[in-house]
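# Architecture and fold: a report
Chain by chain, the residues:
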Amino acid sequence: MTDQIDSINIPSPTRRKFLNALGGLSALSAIPSAAFGNIHKAKDHSLSLVNLHTGETLNSTFFTQGSFQEDSLGALDHLLRDHRTDQVHPMNQQLIMLLHDLQQTFGAHKPIHVISAYRSPKTNAMLSSKSGKVAKKSLHMQGKAIDIRIPGVDVKDLQRAALSMKSGGVGLYTRSNFVHLDVGRVRQWGA
């Protein structure tokens, strides 16, 4: 490779930059491909969702040509609204990408079943008063958390996949057959 660089007569500063870039690329090649799960540049990204409380379904391409699609994000926000109050809140884009990654892991043809996504403060206070398992300052109220299952996928397998992505909190609720995901600090709970 050095011979080719010399033969096309690249000046030293450019050659140095080129070799540094090659060194960086070779270092990146040593990183497992799973570590690149959060790099989403060129591909289209879609989600297939079912809201179990409203019965609504959505198949949406929310990221294309290197950017988020506002109309699709709006449709996702609507589907993931607080079904008790009908309030819509913007869902965190990192959370949407996490859902996409999980759906790709288990097969894009399997829709994600949504148990709970955005919760208004009123709904969260009501749920918290009935159960000690509902955080008073839940990330659901910020559009940064969602409770899901994927039909045909064991929730323990879903939990393991989510934990491997190290994108935030992962709670396992085997009795209720769902996994909580959020984009807060990395942590886990449940059995």
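Whatever comes next refers back to the structure up there.
So, here is what we can say about the structure in this document. (Residues numbered from 1 in each chain as written. Predicted model: local features only at pLDDT ≥ 70, side-chain atom pairs only at ≥ 80, totals over all residues. Heavy atoms only, no water.)

For the rest of this paragraph, the subject is helix α4 (residues 93-106). Its 14 residues place the ends of α4 20 Å apart at the C-alpha level, agreeing with the 20 Å of an ideal helix rising 1.5 Å per residue. Most of α4 sits out of view: 10 of its 14 residues are buried. Among the residues making up α4, those that are buried are L95, I96, M97, L98, L99, H100, D101, L102, Q103 and F106. Among the residues of α4, the N-terminal cap falls to N92, whose side-chain oxygen and the backbone nitrogen of Q94 are separated by 2.8 Å. Of the residues one or two after α4, G107 is the one with positive phi, at around 110°. (Helix = DSSP H or I, 4+ residues; strand = E, 2+ residues; numbered from the N terminus. Expected span 1.5 Å × (residues − 1). Buried < 20%, exposed > 50% of the residue type's maximum accessible area, 1.4 Å probe, protein only. Polar contact = N/O pair within 3.5 Å; in protein donor to acceptor, adjacent residues only side chain to side chain.)

For the structure on display, the rule yields three aromatic pairs. Taking 6.3 Å as the distance between ring centres and 25° as the angle between the ring planes, the aromatic pair formed by F62 and F68 counts as stacked. An angle of 15° between the planes, with centres 4.7 Å apart, marks the rings of Y173 and F178 as stacked. Taken individually, Y173 and F178 each receive the classification buried, so the pair is uniform in this respect. Following the ring pairs from residue to residue traces out a cluster consisting of F62, F63 and F68. (Phe/Tyr/Trp six-rings, centres within 6.5 Å; stacked < 30°, edge-to-face > 60°.)

Summarising burial for strand β4 (residues 112-116): five of the five residues are buried, a large majority. Pairing of strand β1 (residues 45-51) with β4, which is carried by three bridges, proceeds in the parallel orientation. Looking at the pairing, L49 lines up with I112 of β4. Note: β4 against strand β5 (residues 145-149), three bridges, orientation antiparallel. Its bridge partner being in β5, V114 is matched across the sheet by I148. (Pairing = 2+ DSSP bridges.)

Once that is clear, we can look at the layout of surface pockets. The gaps left among the atoms become clear once a water-sized probe is rolled over them. In this model, the largest pocket occupies a volume close to 620 Å³. For the largest pocket, the lining is made up of 33 residues, of which R119, K133, V134, D147 and F178 are closest to its centre. Breaking the lining of the largest pocket down by element, the ones donating at least two residues are β4, α5 (121-130), β7 (178-182) and β8 (187-190). Residue classes in the lining of the largest pocket are distributed as 12 nonpolar, 11 polar and 10 charged. (1 Å grid on protein atoms, 1.4 Å probe; cavity = no way out; pocket = protein on both sides within 12 Å on 5 of 7 lines; lining within 4 Å. Points joined across faces, edges and corners; volume = space filled by probe spheres on them. Nonpolar A, V, L, I, M, F, W, Y, C, P; charged D, E, K, R; others polar.)

The next subject is the side chain of D147. Within the fold, D147 resides in strand β5. On the basis of relative accessible area, D147 is assigned to the buried category, the value being 5%. Only 3.4 Å separates the side chain of D147 from the side chain of H140, close enough to count as a polar contact. The contacts of D147, once residues within four sequence positions are left out, are H113, V114, I115, S116, R119, H140, F178, V179 and H180. (Contact = heavy atoms within 4.5 Å.)

So, on to the nonpolar core. In a soluble, globular protein the nonpolar side chains are often hidden away together inside. Core analysis: the largest hydrophobic core is formed by 34 residues, its most contacted members being L80, L102, I146 and L181. Looking at this core, the element that brings in the most residues is α4, giving seven residues. (Core = buried A, V, L, I, M, F, W, Y, C linked by side-chain atoms within 4.5 Å.)

With that settled, consider helix α6 (residues 155-165). Buried within α6 we find V155, L158, Q159, A161 and A162. Summarising the axial view, the buried residues of α6 lie within an arc of 165°, below the 170-degree limit, and thus occupy one face. Where α6 begins, the capping side chain belongs to D154, and its oxygen is found 2.7 Å from the backbone nitrogen of K156. (Arc of directions from axis to C-beta.)

The next point concerns the sheet that holds β1. Strand order in the open sheet made by the eight strands is β3-β2-β1-β4-β5-β7-β6-β8, with mixed pairing throughout. Taken across any chain shown, the strands that pair with only one partner, and hence form the sheet edges, are β3 (67-68) and β8. Of the pairings in the sheet, the one linking strand β6 (residues 169-173) to β7 comprises four bridges and is antiparallel in character. Across the sheet, residue L172 finds its bridge partner in β7, namely V179. Most of the contacts of helix α3 (residues 70-79) go to strand β2 (residues 57-64), to which it runs at about 145°, and overall it touches β1, β2 and β3. Contacts from α6 reach β5, β6, β7 and β8, with the element oriented near 170° to β6. (Axes fitted to C-alpha atoms, helices over the stretch in contact; angles between N-to-C directions.)

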